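Each chain, letter by letter, is given below.
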Protein chains: 2
Amino acid sequence: MRIDCLIEAIERTGNPTALGLDTRVEFLPPSLAGFPTGRSVGSVRDEGDAEAVCSSMYAFNCALIDALADIVPCVKAQVACYEMLGVPGVRLFRDTLLYARQKCMITIADVKRNDIGITSGAYAAAYLEENSPLSADFITVNPYLGTDGMAPFLDACGKNGSGIFVLVRTSNPSAGEFQDLIVQDGEGKGRPLYEHVGQKVAEWGGNLTGRHGYSSVGAVVGATCPEEGKKLRALLPGTFFLVPGYGAQGATAQDLVGCFDGQGRGAVVNASRSLLCAYKKRNTDDFISAARDEALHMREELRAAIKNRHGVS
Amino acid sequence: MRIDCLIEAIERTGNPTALGLDTRVEFLPPSLAGFPTGRSVGSVRDEGDAEAVCSSMYAFNCALIDALADIVPCVKAQVACYEMLGVPGVRLFRDTLLYARQKCMITIADVKRNDIGITSGAYAAAYLEENSPLSADFITVNPYLGTDGMAPFLDACGKNGSGIFVLVRTSNPSAGEFQDLIVQDGEGKGRPLYEHVGQKVAEWGGNLTGRHGYSSVGAVVGATCPEEGKKLRALLPGTFFLVPGYGAQGATAQDLVGCFDGQGRGAVVNASRSLLCAYKKRNTDDFISAARDEALHMREELRAAIKNRHGVS
């Protein structure tokens, strides 16, 4: 089961971090051979041009993977950044995930797919099966359609050992607009929608628990909502968390430490812009060393926060 | 504004129907030149093979568009069916939407995208701008992340005249699991989540109303929930509905007629398998005539139901 592989890769690297390859053309450093500087996605004229841009982006992604594979256990790629480059972008997305897998990193396709059952089955075939054309170890999923829209994903997880992370409490400023609404669900005086969704996530994953006590069905829980993270950690002891929002979105290690369990496990924290653009903050063209420095710095921050809270490291 | 174009195309054809091109390899008729019969998506071996399958699917899609463009105003393509064929599938998705647009059909990319603001901006760039690489007149959107995840889509609608349909009450059996939960939202004794989301959809679209009184921000309302459809129609007079669930999912014209307004406007009804596989039900290889017969039959059913309820046709 990939959830076990993810947990073991985190132990091996001592680092519960995902490299968020939300790569954009604006993030590419001038030092990248052959890349015309000052490009933005709006300047991409046609598919041939998009292919040229994508080959620079592929070089960037691979260089980051090479630089971090020994200290960062997994990669999360945000598909929107690739879809905006059209068909060549989707090929780049696929090739990036393949390259990360070749380098023994766990892959998360951040696609937030969702649909009625028969259509979710098509998404599961696209991403979660052994020979899927856009294969990843995990994908992210939006729960709004309920159980029958989830069933094909759960089947794929059961059959192939792959996994999903279901949006529960997201990291964006408006997350609470619907997710924090108090719902009357027959359990006393009501509770926030995200808790209700979280409970369902635990049910969906009930039969898919791996050898480390965590299920193939995980939850997305934003680093930007510390209180909700702590509550969900207590409520969902068998659910692994994918935690976005660290760094550029404003959350610190202190904010998200409640997402980890008493053994310092149970979560993986995504960092995208803070790693991809570390070279900008450091005023250097050497994006590889800058990303590695930043990844090591983030690992220390996370370890210190976990040790401080749980007494483990 | 594309919402005005959609309404006018429905008037012109007298038919509030979307051709749902949820094309799957199993749907392809043996009569399609060069297509090896008995294929399923599981039998697609590699990308070269996927390309061959996609070229047959493109021929099928184009033949259906050609057959129906004078009597069906728009096409909705479900991206999952294309993503399951990988990169060639995404190219087929793009080419299908382009072909439909060339034939003056309105295009809806059924992608149910959703994310935090900055990432939704990437999706908007992928789909909703004038030169988007995967351009469509409308896309479908999932609301779970709230207003800031919606803002880039609204911006794109305002700038480019494109539109979105936001999931409000879906057509699948488990739709009510979260969508029907009673939420306490400060408006009296509580109301279902889908109504609360519907109200937000109306707010999001408030500044994007076209010349026929409907906004560029529409709602997805399942044909399989007649009571909810009627309530939402009354609650959201300026919101156009995309109505899935007719035909293969079990809903009849009678079930969904409450989604139309008193002038017989305000909704477009999607039909996928009932049109794509009409030839199977009729025991013929002539999928073109079968789809046309079925589309005309569906038009008559919808018109009769609307006339019966609203006294207009």
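Keep in mind that this is a model prediction, so the values were computed, not measured.

Helices and strands together make up the secondary structure of chain A, namely 13 helices and 10 strands. Seen through its C-alpha atoms, chain A measures out along the principal axes to roughly 60 × 45 × 35 Å. The proportion of buried residues among the 313 residues of chain A is 59%. A separation of at least 24 residues holds for 72% of the contacts in chain A among residues at least 6 apart in sequence.

Look at any regular strand and the pattern is simple: side chains alternate between the two faces of the sheet. All names here are of chain A. In terms of burial, strand E3 (residues 106-113) is a largely internal element, 8 of the 8 residues being buried. Residues Ile106, Ile108, Asp110 and Lys112 point to one face of E3 and Thr107, Ala109, Val111 and Arg113 to the other, with burial holding for every one of them. Direction of pairing for strand E2 (residues 74-78) relative to E3: parallel, over a ladder of 5 bridges. The partner of Ala77 across the bridge, within E3, is Ala109. Pairing between E3 and strand E4 (residues 138-141): 3 bridges, direction parallel. Note that in E4 the partner of Ala109 across the bridge is Ile139.

The transform that puts chain B on chain A rotates by 180° and translates by 0.0 Å along the axis, for an RMSD of 0.0 Å. A rotation of that kind, with that shift, is consistent with a two-fold axis. Among all C-alpha atoms of chain B, that of Val183 of chain B lies closest to the rotation axis, at 2.2 Å. Comparing interface residues between copies, 100% of those in chain B also sit at the interface in chain A, which points to an isologous, same-surface contact.

What follows is about the sheet that holds strand E8 (residues 217-221) of chain B. All names here are of chain B. Pairing within the closed barrel is parallel, and its 8 strands lie in the order E1-E2-E3-E4-E5-E8-E9-E10. Each neighbouring strand pair of the sheet contributes to a mean axis angle of 30°, computed without reference to strand direction. Bridge analysis of strand E5 (residues 163-169) against E8 gives 5 bridges, and the strand direction is parallel. Residue pairing in the sheet places Ile164 in a bridge with Val217 of E8. Across the sheet, helix H8 (residues 193-204) touches E5 and E8, and the angle it forms with E5 is around 165°.

Residue and element names in this part refer to chain B. In contact at an axis separation of 9 Å, helix H2 (residues 47-68) and helix H13 (residues 287-310) are set at 45° when each is read in the N-to-C sense. If you check the angle between H2 and H13, you find them oblique. When you trace H2 past H13, the crossing you get is right-handed. Contact residues: H2 offers Ala63, Leu64, Ala67 and Leu68, while H13 offers Ile288, Ala291, Arg292 and Ala295. When its residues are assigned to classes, the contact of H2 with H13 shows 7 nonpolar, no polar and 1 charged.

This paragraph deals with the interface of chain B and chain A. With 51 residues of chain B at the interface, the matching set in chain A holds 51 residues. Breaking the side of chain B that touches chain A down by element, the ones donating at least two residues are helix H3 (79-83), helix H4 (86-102), helix H5 (117-127), helix H6 (147-160), helix H7 (176-179), strand E6 (182-184) and H8 of chain B. For the side of chain B that touches chain A, the element with the highest residue contribution is H5 of chain B, accounting for 6 residues. Taken together, the residues of the side of chain B that touches chain A sort by class into 27 nonpolar, 16 polar and 8 charged. Summarising the sheet, strand E6 (residues 182-184) of chain A and E6 of chain B pair through 3 bridges and their orientation is antiparallel. Bridge assignment links Gln184 of chain A to a residue of E6 of chain B, and that residue is Ile182 of chain B.

Residue and element names in this part refer to chain B. Neither face of strand E1 (residues 17-20) is open: one carries Thr17 and Leu19, the other Ala18 and Gly20, and all of them are buried. Taken together, the 3 bridges between E1 and strand E10 (residues 267-271) define a ladder with parallel strand orientation. From the neighbouring strand, Ala18 faces E10, where its bridge partner is Asn270. The pairing of E1 with strand E2 (residues 74-78) spans 3 bridges and is parallel. Within E2, the position partnered with Leu19 by the bridge is Val75.

So, about the environment of Arg211 of chain B. All names here are of chain B. Here Arg211 lies in the loop between H8 and E8. Classification of Arg211 as exposed rests on a count of 10 C-beta atoms within 10 Å. Along the primary structure Arg211 and Asn61 are separated by 150 residues, whereas in three dimensions their C-alpha atoms are 32 Å apart.

What follows covers the sheet that holds E6 of chain A. Strand order in the open sheet formed by 4 strands is E7(A)-E6(A)-E6(B)-E7(B), with antiparallel pairing between adjacent strands. Looking at the sheet topology across the chains shown, the edges are occupied by strand E7 (191-192) of chain A together with strand E7 (191-192) of chain B. Two strands pair when backbone bridges link them, and E6 of chain A and E7 of chain A are joined in this way by 2 bridges, in the antiparallel orientation. Note on E7 of chain A: the bridge partner recorded for Val183 of chain A is Arg191 of chain A.

Per-residue confidence for chain A gives a mean pLDDT of 94; residues scoring 70 or more make up 96%. Across the interface, the model reports ipTM at 0.96; the global pTM reads 0.96.

Residues and elements named next belong to chain B. Within helix H9 (residues 226-235) the residues assigned to the buried category are Glu228, Gly229, Leu232 and Arg233. Buried residues of H9, seen end-on, are gathered within an arc of 135° and therefore sit on one face of the element. Turned more than 90 degrees off the buried face of H9, the exposed positions are Glu227 and Ala234. Taken together, the buried residues of H9 touch E5, H8, E8 and helix H10 (253-256).

This next bit is on helix H4 (residues 86-102) of chain A. For the α-helix, the turn length of 3.6 residues means that residues three or four positions removed from each other point alike. All names here are of chain A. In a regular helix each residue adds 1.5 Å, so 17 residues correspond to 24 Å; H4 covers 25 Å between its end C-alpha atoms and thus fits that length. H4 sits mainly inside the fold: 12 of its 17 residues count as buried. Burial in H4 covers these residues: Gly86, Val87, Pro88, Gly89, Val90, Arg91, Leu92, Phe93, Arg94, Thr96, Leu97 and Ala100. Just downstream of H4, Cys104 is the residue with a positive phi angle, here 65°.

Residues and elements named next belong to chain A. Between helix H5 (residues 117-127) and helix H6 (residues 147-160), whose axes approach to 7 Å, the crossing angle comes to 30°. Regarding the angle of H5 to H6, the classification is roughly parallel. Of the two possible hands of crossing, H5 and H6 adopt the one that is right-handed. For the pair H5 and H6, contact is made by Gly117, Ser120, Gly121 and Ala124 and by Asp148, Gly149, Ala151, Pro152, Phe153 and Ala156, respectively. Here the contact of H5 with H6 is composed, by residue class, of 5 nonpolar, 4 polar and 1 charged.

This part is about the environment of Ala69 of chain A. All names here are of chain A. Locating Ala69 in the fold gives a position in the loop between helix H2 (47-68) and E2. In sequence terms Ala69 and Cys104 are 35 residues apart; their C-alpha atoms lie 7.5 Å from each other. The contact partners of Ala69, leaving out residues within four places of it in the chain, are Lys103, Cys104 and Met105.

About the cut-offs
- Residues numbered from 1 in each chain as written.
- Chains lettered and ligands numbered in written order.
- Predicted model: local features only at pLDDT ≥ 70, side-chain atom pairs only at ≥ 80, totals over all residues.
- Helix = DSSP H or I, 4+ residues; strand = E, 2+ residues; numbered from the N terminus.
- Buried ≥ 20, exposed ≤ 12 C-beta atoms within 10 Å, placed from the backbone.
- Contact = placed C-beta atoms within 7 Å.
- Pairing = 2+ DSSP bridges.
- Least-squares fit on C-alpha atoms with pLDDT ≥ 70 in both.
- Axes fitted to C-alpha atoms, helices over the stretch in contact; angles between N-to-C directions.
- Parallel < 35°, antiparallel > 145°, perpendicular 65-115°, else oblique.
- Left-handed = near helix turned anticlockwise from the far one by under 90°.
- Nonpolar A, V, L, I, M, F, W, Y, C, P; charged D, E, K, R; others polar.
- pLDDT = per-residue confidence, 0-100.
- Arc of directions from axis to C-beta.
- Expected span 1.5 Å × (residues − 1).

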